[in-house]
Amino acid sequence: MEVEVAAKRIGVFGGTFDPIHIGHLVVAEEARVAFGLERVVFVPAHISPHKLDVAVASGEDRCEMVRLAVRDNPAFTVSRVELDRAGPSFTVDTLRSLHAEYGAETQLYFVMGADSLLAFKTWHKPKEILRLTRLIVVSRPSYALDLEALDRELPGIAAATDLIDSISLDISATDLRARVRQGRPIRYQVPCAVAQYITEHQLYAGDKA
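Caption draft 1: Main features of the overall build of the protein chain. Each helix and strand in the protein chain was counted, giving eight helices and six strands. Start at the N end of the protein chain and walk to the C end: the helices and strands fall as β-α-β-α-β-α-β-α-α-β-α-β-α-α. In terms of C-alpha radius of gyration, the protein chain reaches 17 Å, essentially the compact-globule figure of 17 Å for 209 residues. On the principal axes, the C-alpha backbone points of the protein chain span a range of 60 × 40 × 35 Å. The 209 residues of the protein chain split such that 47% are buried. Of the contacts formed within the protein chain by residues at least 6 apart in sequence, a portion of 77% connects residues at least 24 apart. Accessible surface, the protein chain as shown: approximately 11100 Å² in total, 51% of it carbon and sulfur. One finds the centroid of the 24 positive side-chain charges in the protein chain at a distance of 4 Å from the centroid of its 28 negative side-chain charges.

Structure, rendered in structure tokens:
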């Protein structure tokens, strides 16, 4: 008699994380609990194909800030899979690598915002992404989602999408960088260790974006 092996459930949370902030961590924890994820893997992008001119801090600095932000949660971890790969950070390549790392029995859940879902059909090989993962989409009041309409444009996306409501925190990395540049506080918007790292390494102080 064969014993069925339960699939591991791993969340994948990608982004530039420039810098990572409390909003990212809240979303990751909401997704972890809602879907019973064994862990959430944060994946800092090397070069985001959607934000080719946005990254200000280096990949090494962004990765270290993510590591500092998640170190007190044993269910959170960081992957260098995109930082160590040359070229644009395509999600489909990342998912293939993580499947190879965690095993064929693993069910991946890709965490994304509602704004990203609306543009999903423009991503590199979206149909292949849907084959490799389920999508956990964090709803936002300012974005109206019509899954039926999206499914007509990209068949299968509705069946592969799970929606969750998250605590609404009006924090953005762009605003945080501006606050640092202007000498304004970012305490309580980023983990203390991240704020300290930004200060010690003088990140964003000369950011002109």
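Following the structure, the description resumes.
Caption draft 2: Spatial organisation of the pairing of strand 5 (residues 133-139). Where burial is concerned, most of strand 5 is hidden: five out of the seven residues are buried. Where strand 4 (residues 107-113) and strand 5 come together, six bridges link them in parallel fashion. Its bridge partner being in strand 5, Gly113 is matched across the sheet by Val138. Here strand 5 pairs with strand 6 (residues 161-165) via five bridges, running parallel. Following the sheet pairing, Ser139 is matched in strand 6 by Asp165.

Caption draft 3: Focus on the packing of aromatic side chains. Tallying each qualifying case throughout the model produces seven aromatic pairs. Summarising the aromatic geometry, the rings of Phe42 and Phe76 are spaced 5.2 Å apart at their centres and angled 65 degrees between planes, so their arrangement reads as edge-to-face. Placement of Phe42 in strand 2 (residues 39-44) and of Phe76 in strand 3 (residues 76-78) is noted, with a sequence separation of 34 residues between them. Judged by relative accessible area, which is 0%, Phe42 ranks as buried. On the basis of relative accessible area, Phe76 is assigned to the buried category, the value being 9%. Ring plane angle 45 degrees and centroid distance 5.2 Å describe the contact between Phe120 and Trp123, whose orientation is recorded as tilted. Across the pair, Trp123 and Phe120 agree in class, each one buried.

Caption draft 4: Summary view of the sheet that holds strand 2. Strand order in the open sheet formed by six strands is 3-2-1-4-5-6, with parallel pairing between adjacent strands. Pairing within the sheet leaves two strands with one partner each, and these edge strands are strand 3 and strand 6. Ignoring strand direction, the axes of neighbouring strands in this sheet form an average angle of 30 degrees. Bridge analysis of strand 1 (residues 9-15) against strand 2 gives six bridges, and the strand direction is parallel. Residue pairing for strand 2: Gly15 is matched across the bridge by Pro44. Along the sheet face, helix 1 (residues 22-35) touches strand 1, strand 2, strand 3, strand 4, strand 5 and strand 6 and points at about 120 degrees away from the line of strand 6.

About the criteria used
- Residues numbered from 1 in each chain as written.
- Predicted model: local features only at pLDDT ≥ 70, side-chain atom pairs only at ≥ 80, totals over all residues.
- Heavy atoms only, no water.
- Helix = DSSP H or I, 4+ residues; strand = E, 2+ residues; numbered from the N terminus.
- Rg over C-alpha atoms; globule rule 2.2 N^0.38 Å.
- Buried < 20%, exposed > 50% of the residue type's maximum accessible area, 1.4 Å probe, protein only.
- Contact = heavy atoms within 4.5 Å.
- Areas by Shrake-Rupley, 256 points an atom, 1.4 Å probe, with all protein chains shown as cover.
- Lys, Arg positive; Asp, Glu negative; His and termini not counted.
- Charge placed at Lys NZ, Arg CZ, Asp CG, Glu CD.
- Pairing = 2+ DSSP bridges.
- Phe/Tyr/Trp six-rings, centres within 6.5 Å; stacked < 30°, edge-to-face > 60°.
- Axes fitted to C-alpha atoms, helices over the stretch in contact; angles between N-to-C directions.

Limitation: the analysis is restricted to geometry and does not speak to function.
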